[in-house]
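Letter by letter, the chains look like this.
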Amino acid sequence: MDANNSVTLKTVQKAADTLSGHVITTQVQTDETLDSLSGRRLFFKCENLQKSGSFKFRGAYNAVSRLVSSNGRTPHQLQVVASSTGNYACALAMVAKVHGVTAHAVMPNNSPECKKRTVLSHGANLTLCEPAAQDITRTVKQVQNATGAVFISGADHPDVIAGHGTMGLELLRQVPNLDAVVMPVGTGGMLAGVSVAIKSTCPEIRVYGAEPEVANGAAMSLNRGERFTFSRFPQSIADGLNVNIGAVPWTYIRSNVGDIFTVSEDEIKNAMRLVWERMQFVVEPSGAVGVAAVLSDSFKARAVGCRNVAVVLSGGNVDPDKLSEILQM
Amino acid sequence: MDANNIVTLETVQKAASTLSGNVVITPVQTCNTLDLLSGRRLYFKCENFQKSGSFKFRGAFNAVSRLVSLNGATPHQLQVVASSTGNYGCGLAMAAQLHGVTAHVVMPTNSPVCKKRTLLSYGASLTQCEPAAQDIAQTMKQVQDATGAVFLSGSEHPDVIAGHGTMGLEILQQVPNFDAIVVPVGTGAMLSGVSVVIKSLCPEIRVYGAEPEVANDAARSLSSGERCTFPRFPQSIADGLNGNIGVVPWTYIRGNADDIFTVSEDEIKNAMRLVWERMKIVVEPSAVVGVAAVLSDSFKARAGECKNVAVILSGGNMDLDKMPEYLQM
């Protein structure tokens, strides 16, 4: 069961060069209240402050940039397509615009309105479909057939995963004496990329995933030793994580990830409220899932000996109008 | 009409030494979207990240610290009292707790719940009263008579004003070239402290205040040349700015402020939404009054030539449950 070797420390380092000057080296924040609540020292990697409002910008930028340089045609003749619950589509739309490339996004019809709006505001074409794996695949194919657009999978493309992995390199520089890193898991692109960066450099650092209980595909896969998928997408308030773990990310997660912690909807809401109120940061529900995990009883029980824990705040694209609905506990 | 000279560049510099290591040197953030909307380069001083959630901590810490060093009694025998719409109460409570001093705060009943909760969490005692100047003065006297507490006015005390002025020193270091600075005005303690620093060191930099139209006592004072006050506090959603301009602050604002811009409730709400959605920072309504001002037509008309503008985001203590109200336009 060898891990797929299309994402390596080298490809992540190359991605870091490509991204240099184009992505924000986001700050790492600490908070005394959250330290006392968790019983350990927490280091929050603020990807909610990243361009396009989430870490997805990293992978999208690396992938489009490499496509443009390796492709014979001029950028404006290039078209790209991808499916996304929202943040990857927003990032791809923004990145494509910057490169002069046309972007097509296929999104489930129940994606947050603010994310649909953002995709359109960057000049990308948007097609909506049913929130089910089959419908998404079919719709992407339709768009590809109609436009000749290149499919850049947000979940499986090695350039996207390598781009996300650059967060791992930054964390290693920004946080001395790191014991563990905790990240939300949707398709697993971030977890896979960051795990490659961390495990290749400092294998003793633990890499953990965090998932909603109701969207626990990655946790189930890790427990069973085999990739598990939902046929119809779950409906956690962590809308960005209502997807299946990708085939390529799974090969890295299987070897590199020590544990995946699942949290209830209420734990996610509580974590969101804490970040908003104590840290004064706008974080979306998916973005707070790592925080919920480090505050959970299971983390206290299973992540023994982790004093200094980095937690990725993956994104902040949430409708303020939806906030009171989201926070109803 | 000489300005009162109890707040000087020297007293602010002294405050900076007192505060060193005890306050957060808050970051200055920029935002492309807001630059585009305002037609100038904006530099946001993020005091929402300050201890206790607003810049008020600076003045409170300086005042309590100096009181403790000048006073013969041991800290735990000292008691302090002040009235506040919320943030100064929180700042004072936290500063007092750090020094082992007992704090009493008098707050209007309609102050945000989160501010009442926060000051209680720092161990201060809270007395509520009607939101009118007379009631506040009366209740304060009652508490002083009962406890012998020292009154540390959040608006008039020179040590508080000097403490707030330290933001001016930091901004001069953090932002290489700016033409103007915009500061929300409640009692005017921040505007007066910051104006002393700016006008002493770089008198060519314009110093502007920003107020809600419905709480425009400072703007009216500046226009008429005489201090104007409301007998019953106005009810802007910018709850921190519903207080009257103080006597001591007025003496500095009169001499140092170049203009005060007023904004509507809708302009404040629009600015809040922009900061949440684009900068991913949680700010309270009072905090974005400066943002609303730089986006306003009056600013374009009267301060149009200022191309690089520093704006203070004064605090982030807001009730998340009030969100729908803050967004309804």
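Look up a bit, the structure's there.
My aim in this report is to walk through the structure given alongside it, one point at a time. Nothing here was measured: the structure is a model prediction, and the numbers come from that model. (Residues numbered from 1 in each chain as written. Chains lettered and ligands numbered in written order. Predicted model: local features only at pLDDT ≥ 70, side-chain atom pairs only at ≥ 80, totals over all residues. Heavy atoms only, no water.)

## As for the sheet that holds strand 9 (residues 259-263) of chain A
Residues and elements named next belong to chain A.
Next up, step 1: An order of 1-2-10-7-8-9 is seen for the six strands of this open sheet, with the pairing classed as mixed. Looking along the sheet, the strands with just one partner apiece sit at the ends: strand 1 (28-29) and strand 9.
Next up, step 2: Two elements, strand 1 and strand 2 (residues 41-46), share two bridges in a ladder whose sense is antiparallel. Looking at strand 2, one finds that Gln 29 is bridged to Phe 44. (Pairing = 2+ DSSP bridges. Helix = DSSP H or I, 4+ residues; strand = E, 2+ residues; numbered from the N terminus.)

## A short note on the pattern of salt bridges
Residue and element names in this part refer to chain A.
Next up, step 1: As enumerated under the stated definition, the model contains 29 salt bridges over all chains in all.
Next up, step 2: In this structure, the salt-bridge partner of Arg 58 is Glu 170, at a minimum N-O distance of 2.9 Å. Highlighted residues: Arg 58 in helix 3 (residues 56-70) and Glu 170 in helix 7 (residues 158-174), separated in sequence by 112 residues. For the pair Arg 58 and Glu 170, a shared accessibility class is recorded, and that class is buried.
Next up, step 3: Residue Glu 277 pairs with Arg 273 through a salt bridge whose shortest N-O separation is 3.2 Å. One end of the pair is Glu 277 and the other is Arg 273, both in helix 11 (residues 265-279) and four residues apart, which spans about a single turn.
Next up, step 4: Note on Glu 277: relative accessible area 24%, which makes it partly exposed.
Next up, step 5: One network of salt bridges, with partners in common, ties together Lys 45, Glu 47, Arg 58 and Glu 170. (Salt bridge = Lys/Arg side-chain N within 4 Å of Asp/Glu carboxyl O. Buried < 20%, exposed > 50% of the residue type's maximum accessible area, 1.4 Å probe, protein only.)

## A closer look at the environment of Ser 69 of chain A
Residue and element names in this part refer to chain A.
Next up, step 1: With respect to the element layout, Ser 69 can be found in helix 3.
Next up, step 2: Using a relative accessible area of 62% as the deciding quantity, one classes Ser 69 as exposed.
Next up, step 3: Among the polar contacts listed, one links the side chain of Ser 69 to the backbone oxygen of Ser 65, at a separation of 2.8 Å. (Polar contact = N/O pair within 3.5 Å; in protein donor to acceptor, adjacent residues only side chain to side chain.)

## Some remarks on the pairing of strand 2 of chain A
All names here are of chain A.
Next up, step 1: Summarising burial for strand 2: five of the six residues are buried, a large majority.
Next up, step 2: Pairing of strand 2 with strand 10 (residues 308-313) involves six bridges; the strand directions are parallel. In the strand pairing of strand 10, Phe 43 is matched with Ala 310.

## Notes on the packing of helix 7 (residues 158-174) of chain B against helix 8 (residues 189-201) of chain B
All names here are of chain B.
Next up, step 1: Contact geometry for helix 7 and helix 8: axes closest at 7 Å, N-to-C directions at 45 degrees. Considering their axes alone, helix 7 and helix 8 lie oblique with respect to each other. Helix-helix and strand crossings are classified by hand; for helix 7 and helix 8 the assignment is right-handed. Only Ala 189, Met 190, Ser 192, Gly 193, Val 194, Val 197, Ile 198 and Leu 201 of helix 8 make contact with helix 7, whose side of the interface consists of Ile 161, His 164, Gly 165, Met 167, Gly 168, Leu 169 and Leu 172.
Next up, step 2: A class-by-class count of the residues in the contact of helix 7 with helix 8 yields ten nonpolar, five polar and no charged. (Axes fitted to C-alpha atoms, helices over the stretch in contact; angles between N-to-C directions. Parallel < 35°, antiparallel > 145°, perpendicular 65-115°, else oblique. Left-handed = near helix turned anticlockwise from the far one by under 90°. Contact = heavy atoms within 4.5 Å. Nonpolar A, V, L, I, M, F, W, Y, C, P; charged D, E, K, R; others polar.)

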